[in-house]
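Report on the structure
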Amino acid sequence: MAKIYLTDTTLRDGSHTVSHQFSPEDVAKVAKALDEAGIDLIEIGHGDGLTGSTINYGFSNYKELDVIRAAAGVVKRAKVTVLLIPGIGSVEDLEEAVHAGATAVRVATHVTEADVAEQHIKAAKKMGLWTVGFLMMAHMADAERVLQEAKKMESYGADVVYCTDSAGAMLPADVTEKISLLKANLSIPIGFHSHNNLGLAIANSIAAVDAGATYIDGSLSGLGAGAGNTPTDTLVAVFNRMGLEHGADLYKTMDASTEALAPVLLSKGVTAQTNLDALICGYAGVYSSFMLHARRASARFGVDLRDILIELGRRRAVGGQEDWIIEVANEIAQNKVK
Ligand SMILES: CC[C@H](O)CC(=O)C(=O)O
Ligand SMILES: [Mn+2]
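Only a predicted model underlies this, so the values are computations on that prediction, with no experimental measurement involved.

The rules behind the values
Residues numbered from 1 in each chain as written. Chains lettered and ligands numbered in written order. Predicted model: local features only at pLDDT ≥ 70, side-chain atom pairs only at ≥ 80, totals over all residues. Heavy atoms only, no water. Helix = DSSP H or I, 4+ residues; strand = E, 2+ residues; numbered from the N terminus. Buried < 20%, exposed > 50% of the residue type's maximum accessible area, 1.4 Å probe, protein only. Contact = heavy atoms within 4.5 Å. Polar contact = N/O pair within 3.5 Å; in protein donor to acceptor, adjacent residues only side chain to side chain. Domains from an automatic or database assignment. Buried area = accessible area lost by both parts, 1.4 Å probe. Salt bridge = Lys/Arg side-chain N within 4 Å of Asp/Glu carboxyl O. Nonpolar A, V, L, I, M, F, W, Y, C, P; charged D, E, K, R; others polar. Near = heavy atom within 4 Å. Areas by Shrake-Rupley, 256 points an atom, 1.4 Å probe, with all protein chains shown as cover. Expected span 1.5 Å × (residues − 1). UniProt positions renumbered as here; feature names shortened; annotations may be inferred.

Turning our eyes to something else, we now look at unusual backbone geometry. Even without glycine at this site, Met137 takes up a positive phi of about 55°. On the secondary structure map, Met137 appears in the loop between β5 (130-136) and α5 (143-156). The phi dihedral of Asn335 is positive, around 60°, even though this residue is not glycine. Topologically, Asn335 is positioned in the segment after α13 (322-333). Among the residues examined, Asn335 registers a relative accessible area of 62% and is labelled exposed.

Here's what the structure looks like:
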């Protein structure tokens, strides 16, 4: 089997769980531990990527360039990675991120909208960045369509293309079908990013590897939007058990979780996520990043969180429609939703 490259997204996808409040000091502490553990790419920043700190997605108290500088100051071998969603962040934002120390970027679009990444992927390559195309909400398109969009990202110059299970809604058979088709038809490596809303993140990551993916995502203790991501610590243990080649050290990855991340979380009053709430994200096929907003809307309008998420799934809401969550909660409160 080919070597597996691990991307840890504790400090980016995990930011959703702390309302995007990882400070430069927090980032330095956790990024250093991840780097020493042998993780290949360490993704940092606001949960919604560059310039995500807005009223729509939630403000961070910290400047994103300070956060990037903090990671770049301690990371010796991993790629300091940022997420760029065209339309939220721009090519200019990416240039600033590179000056602050970013060496890799994941350009993310909805699974059917790779076209909007052309300018950003090409610009990232010109900047000399390791450039990943990241197709989000992959459960919403069939395998042929995912391939069509992935081919576009490949043609723009992406070094890797990801099938991203943003809603944690995919089953192992879906993963096998999609990754196998990508593997058979693309010349660049394939990646897989999973959410654990149906408790399948590890199983789906294994299915992805078996089908030919060589870039796999995780986060320490599974910290991430919704039920969280594939736990990097568990993933490393599983990959070891499978005899796969990768660069991470199991004990050091576990220590990054318990000795670096856990005290940071404790200082913010975060101990664990309520997975049963997040289960509904996967059940309903709803964007994992909606959880934080849906919880707030649930408290504000006094309606069941599950009802909000299921209704958003029925309406096929996607990222960028966070304002719809409030509208849906309000409509449920007024008995306007059947
Ligand atoms: C809002 C961006 C999103 O969190 C990116 C991601 O990790 C995903 O789609 O799963
Ligand atoms: Mn994610």
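Mapped onto the elements of the fold, His120 is located in helix α4 (residues 118-126). Here the alpha-carbon distance between His120 and Pro86, two residues 34 residues apart in the chain, equals 7.1 Å. Residue contacts for His120: discarding those within four places in its chain leaves Leu84, Pro86, Gly89, Ser90, Val91 and Val107. A polar side-chain atom of His120 sits 3.3 Å from the main-chain carbonyl oxygen of Val116.

With that settled, consider the domain arrangement of the protein. Here the domain parsing of the protein yields domain 1 (5-266) and domain 2 (276-333). Spacing between the C-alpha centres of domain 1 and domain 2 amounts to 24 Å. Across the contact, 20 residues belong to domain 1 and 20 residues belong to domain 2. Buried area between domain 1 and domain 2, both sides added, is near 1500 Å², and the carbon and sulfur share of it is 59%. Together, Asn56, Met140 and Asn197 form the three largest contributors to the area buried by domain 1 at its contact with domain 2, with a combined 29%. Between domain 1 and domain 2 we count zero salt bridges in total. Inspection of the region where domain 1 meets domain 2 yields three residue pairs in polar contact (both at pLDDT 80 or more). In terms of residue class, the side of domain 1 that touches domain 2 is built from nine nonpolar, 10 polar and one charged.

As a matter of local geometry, ligand 1 sits amid 14 residues, with Arg12, Asp13, Asp48, Ser166 and His195 nearest to it. For ligand 1, an oxygen atom lies 2.6 Å from a polar atom in the side chain of Ser166. Protein coverage of the free-state accessible area of ligand 1, which is 300 Å², stands at 98%. Each residue belonging to the shell around ligand 1 can be placed in one class, and the counts come to four nonpolar, seven polar and three charged.

So, on to the side chain of Thr164. With respect to the helices, strands and loops of the structure, Thr164 is situated in strand β6 (residues 160-165). Every residue in contact with Thr164, bar those within four places of it in the chain, is listed here: Phe134, Leu135, Met136, Met137, Ala138 and His193.

All right, on to helix α1 (residues 24-37) then. In a regular helix each residue adds 1.5 Å, so 14 residues correspond to 20 Å; α1 covers 20 Å between its end C-alpha atoms and thus fits that length. Within α1, 10 of the 14 residues are buried, which leaves the element mostly enclosed by the surrounding structure. Listing the buried residues of α1 in full gives Pro24, Asp26, Val27, Ala28, Val30, Ala31, Ala33, Leu34, Asp35 and Ala37. In this structure, the buried residues of α1 make contact with β1 (5-11), β2 (41-44), α2 (64-74) and α9 (250-267).

Take the UniProt feature "site: Transition state stabilizer" (unreviewed entry) in the protein next. Here, the residues flagged by UniProt with the feature "site: Transition state stabilizer" (unreviewed entry) are Arg12. Considering the arrangement of structural elements, one finds Arg12 in the loop between β1 and α1. Not counting chain neighbours up to four residues away, the residues in contact with Arg12 comprise Glu43, Ile44, Gly45, His46, Gly47, Leu83, Arg106 and His193.

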